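Summary of the model geometry
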Amino acid sequence: MQEKFMRAALRLANKAKAEGEVPIGAVVVLEGKVIGKGYNVRTKRQLATAHAEMRAIDMACRKLHSWRLEGAELYVTLEPCPMCMGAVLNSRIERVYFGAYEQKGRSLTEELAKANLLNHTVEVVGGVLEEECAEVLTSFFSEMRTREKAKKA
């Protein structure tokens, strides 16, 4: 099941990539069904909070008419940033599965998940389809650098 939902998140990441956004996708799952999905649109919307996870959580909350997503799972192609982990904790998501590990800096995912902030802890599983998730990001940044070099030439 983990791979099935991570593949759904990967499809969303590829959608972001096609739009020139950093390719990160996320889905919120409850009882085996996707109830929220999102991909990065930070550049397009010029909103610091327009991360894949935030959009997926927002959609799930609207669908359930509740800010509490107890029993839900989040699948995201890249290890969540601290802002997104804050939303995970606040919404009471039970489990986070992510693909690629954040390489540029510590995301604090594990520390935040276990800190019992808001009287809630989250189980975190990293490395789900890690190579595929990392490749989408690697290829995006490689292509972006190539475009930037061509503009300067």
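Structure's up top.
Please read all numbers here as calculations on a predicted model, not as lab measurements.

1. Re the sheet that holds strand E4 (residues 95-100)
Spatially, E2-E1-E3-E4-E5 is the arrangement adopted by the 5 strands of the open sheet, whose pairing is mixed. Where the open sheet ends on each side, the last strands, each with one partner, are strand E2 (33-39) and strand E5 (123-125). Neighbour to neighbour, the strand axes of the sheet diverge by 15 degrees on average, direction disregarded. Sheet topology note: the strand E3 (residues 73-78)/E4 ladder contains 5 bridges and is parallel.

2. Notes on helix H1 (residues 2-18)
Taking 1.5 Å per residue, 17 residues should reach 24 Å; H1 reaches 24 Å between its end C-alpha atoms and fits that length. Of all the residues in H1, the buried ones are Phe-5, Met-6, Ala-8, Ala-9, Leu-10, Leu-12, Ala-13 and Ala-16. Elements that come into contact with the buried residues of H1 comprise strand E1 (25-30), E2, E3, E4 and helix H6 (130-152).

3. Remarks on the pattern of salt bridges
Following the criterion strictly, the structure yields 8 salt bridges and no others. The partner of Arg-95 in a salt bridge is Glu-94, and the shortest N-O contact between them spans 2.9 Å. The structure contains a network of salt bridges with shared partners spanning Glu-73, Glu-94, Arg-95 and Glu-123.

4. Here we look at the state of the cysteines
Covalently bonding the sulfur atom of one cysteine to the sulfur atom of another cysteine gives a disulfide. Under the criterion given, the structure shown has 0 disulfides. Free cysteine: Cys-81, not disulfide-bonded; nearest cysteine sulfur from Cys-84 at 3.7 Å. Exposure remark for Cys-81: the relative accessible area of 22% places this residue in the partly exposed category.

5. Concerning the packing of helix H3 (residues 52-64) against helix H4 (residues 82-91)
At their nearest, the axes of H3 and H4 sit 9 Å apart, and the two run at 20 degrees to each other. The orientation of H3 relative to H4 falls into the category roughly parallel. Relative to H4, H3 is oriented so that their crossing is left-handed. Together, Glu-53, Met-54 and Ile-57 of H3 and Met-83, Cys-84, Ala-87, Val-88 and Ser-91 of H4 make up the contact between the two elements. Classifying every residue of the contact of H3 with H4 gives 6 nonpolar, 1 polar and 1 charged.

About the thresholds
- Residues numbered from 1 in each chain as written.
- Predicted model: local features only at pLDDT ≥ 70, side-chain atom pairs only at ≥ 80, totals over all residues.
- Heavy atoms only, no water.
- Pairing = 2+ DSSP bridges.
- Helix = DSSP H or I, 4+ residues; strand = E, 2+ residues; numbered from the N terminus.
- Axes fitted to C-alpha atoms, helices over the stretch in contact; angles between N-to-C directions.
- Expected span 1.5 Å × (residues − 1).
- Buried < 20%, exposed > 50% of the residue type's maximum accessible area, 1.4 Å probe, protein only.
- Contact = heavy atoms within 4.5 Å.
- Salt bridge = Lys/Arg side-chain N within 4 Å of Asp/Glu carboxyl O.
- Disulfide = S-S within 2.5 Å.
- Parallel < 35°, antiparallel > 145°, perpendicular 65-115°, else oblique.
- Left-handed = near helix turned anticlockwise from the far one by under 90°.
- Nonpolar A, V, L, I, M, F, W, Y, C, P; charged D, E, K, R; others polar.

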